[in-house]
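# Examination of the molecular architecture
Here is how the chains run, residue by residue.
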Amino acid sequence: MKTKHFIRMGLVFMALMVLQACSNDTTQMAKVQFKLVDAPGDYEEVNIDLRDVMINRSSEDSGWESVGNVKTGIYNLLDYVGGVEALIADTELPAGEIKQVRLLLGPNNTLKLKGGEIVNLDTPSAQQSGLKLQFNTVLTAGITYTFILDFDAGKSVVKAGNSGKYNLKPVIRVTTEALSGAISGKATFPTGVTALRVLATDTADPLKTYGTQTDEVGNFLIKGVLPGTYNLTFYKSMLDTSVPPVSIEVIVLVNTPTNLNPVVVTISNVTSVGTITFQ
């Protein structure tokens, strides 16, 4: 009888150990999302062929692993302006430090120029080893993290001289939504204008900029903005210098959406003068 008692006690102990291990596994995980947004570029489409999102917990070039649950496919970066974003990965990862992140691209990257011509985007290094991003983030168990990958299409597409070819040399800014803020609003623009380019420039560091574009009804949202005071500037076109831009000043706080109070600014159109009103 004692032998059976000890066997039963042993089985109970083993079951408790398994349950404890499962519990530890759960509590040591962090919820992680990767979202793709875009700063504007003067093209009709910038299409990237996303194959994977990977992390590396060291600074070495080995030890890469997929984050899992990646939404692969072709993404037109210019679809993700005006507050629209693409959720490209939604997963759980073990707590701890992440040193690097990379996006692995396939060969089907294309550019649609103004006028409709479609050309290939050459991305040899991205296809072979991925777009490496310095990350240096520590994940805490039980916390949800949203990482914003701001892909600057305007700076990332480089024309190769007079060859007619275009290269994709990605400029990507990575921020953590929990450590940043956002600027949002709605603009009404003059007759004949279908959208506005929006650029936030840090007043203390002009090299620190964040960009987006309004949608067709004027909504815009810039996420992943580090705290500070910014000049928010509106352009009819980044390339059209005949139309003067207009600016207002905004303050961005940590983890706090900056919803602009009602304010009116004036922008000149080529043939008329209209107003931008934030609601």
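What counts and what doesn't
Residues numbered from 1 in each chain as written. Predicted model: local features only at pLDDT ≥ 70, side-chain atom pairs only at ≥ 80, totals over all residues. Heavy atoms only, no water. Helix = DSSP H or I, 4+ residues; strand = E, 2+ residues; numbered from the N terminus. Buried < 20%, exposed > 50% of the residue type's maximum accessible area, 1.4 Å probe, protein only. Pairing = 2+ DSSP bridges. Axes fitted to C-alpha atoms, helices over the stretch in contact; angles between N-to-C directions. 1 Å grid on protein atoms, 1.4 Å probe; cavity = no way out; pocket = protein on both sides within 12 Å on 5 of 7 lines; lining within 4 Å. Points joined across faces, edges and corners; volume = space filled by probe spheres on them. Nonpolar A, V, L, I, M, F, W, Y, C, P; charged D, E, K, R; others polar. Contact = heavy atoms within 4.5 Å.

### Some thoughts on unusual backbone geometry
- Located in the positive-phi region is Asn-69, a residue other than glycine, with phi close to 55 degrees.
- Mapped onto the elements, Asn-69 comes out in the loop between strand E3 (65–66) and strand E4 (73–76).
- The partly exposed category is assigned to Asn-69, whose relative accessible area is 49%.
- Positive phi outside glycine occurs at Asn-136, with the angle close to 50 degrees.
- One can find Asn-136 in strand E9 (residues 131–139).

### A few points about the pairing of strand E14 (residues 181–186)
- Of all 6 residues making up E14, 5 are buried, and the element is well covered by its neighbours.
- Where E14 lies against strand E17 (residues 219–225), 6 bridges are found, and the strand directions are antiparallel. For Lys-186, the partnering residue across the bridge sits in E17 and is Asn-219.

### Brief notes about the sheet that holds strand E18 (residues 228–235)
- Taken together, 4 strands build an open sheet; the order of strands is E16-E15-E18-E19 and the sheet is antiparallel. Among the strands making up the open sheet, the edge pair consists of strand E16 (209–213) and strand E19 (246–252). Averaged over all pairs of adjacent strands, the angle between their axes in this sheet comes to 25 degrees, without regard to strand direction.
- In this sheet, E18 lies alongside strand E15 (residues 197–202) in antiparallel orientation, the contact comprising 6 bridges. By the bridge assignment for E18, Asp-202 is matched with Tyr-230.

### Describing the layout of surface pockets
- Approximately 430 Å³ is the volume attributed to the largest pocket.
- The set of elements that each furnish at least two residues to the lining of the largest pocket consists of strand E10 (144–152), helix H3 (153–156), strand E13 (172–176), E15 and E16.
- Taken together, the residues of the lining of the largest pocket break down into 10 nonpolar, 4 polar and 7 charged.
- In this structure, the second largest pocket spans a volume of roughly 340 Å³.
- What lines the second largest pocket is a set of 20 residues, among which Lys-114, Thr-194, Ala-195, Arg-197 and Gln-213 lie closest to the centre.
- Residue classes in the lining of the second largest pocket are distributed as 7 nonpolar, 6 polar and 7 charged.

### What about the side chain of Lys-35?
- Locating Lys-35 in the fold gives a position in strand E1 (residues 29–39).
- A relative accessible area of 14% means that Lys-35 is categorised as buried.
- Every residue in contact with Lys-35, bar those within four places of it in the chain, is listed here: Glu-85, Ala-86, Leu-87, Thr-146, Phe-147, Ile-148, Leu-149 and Lys-223.

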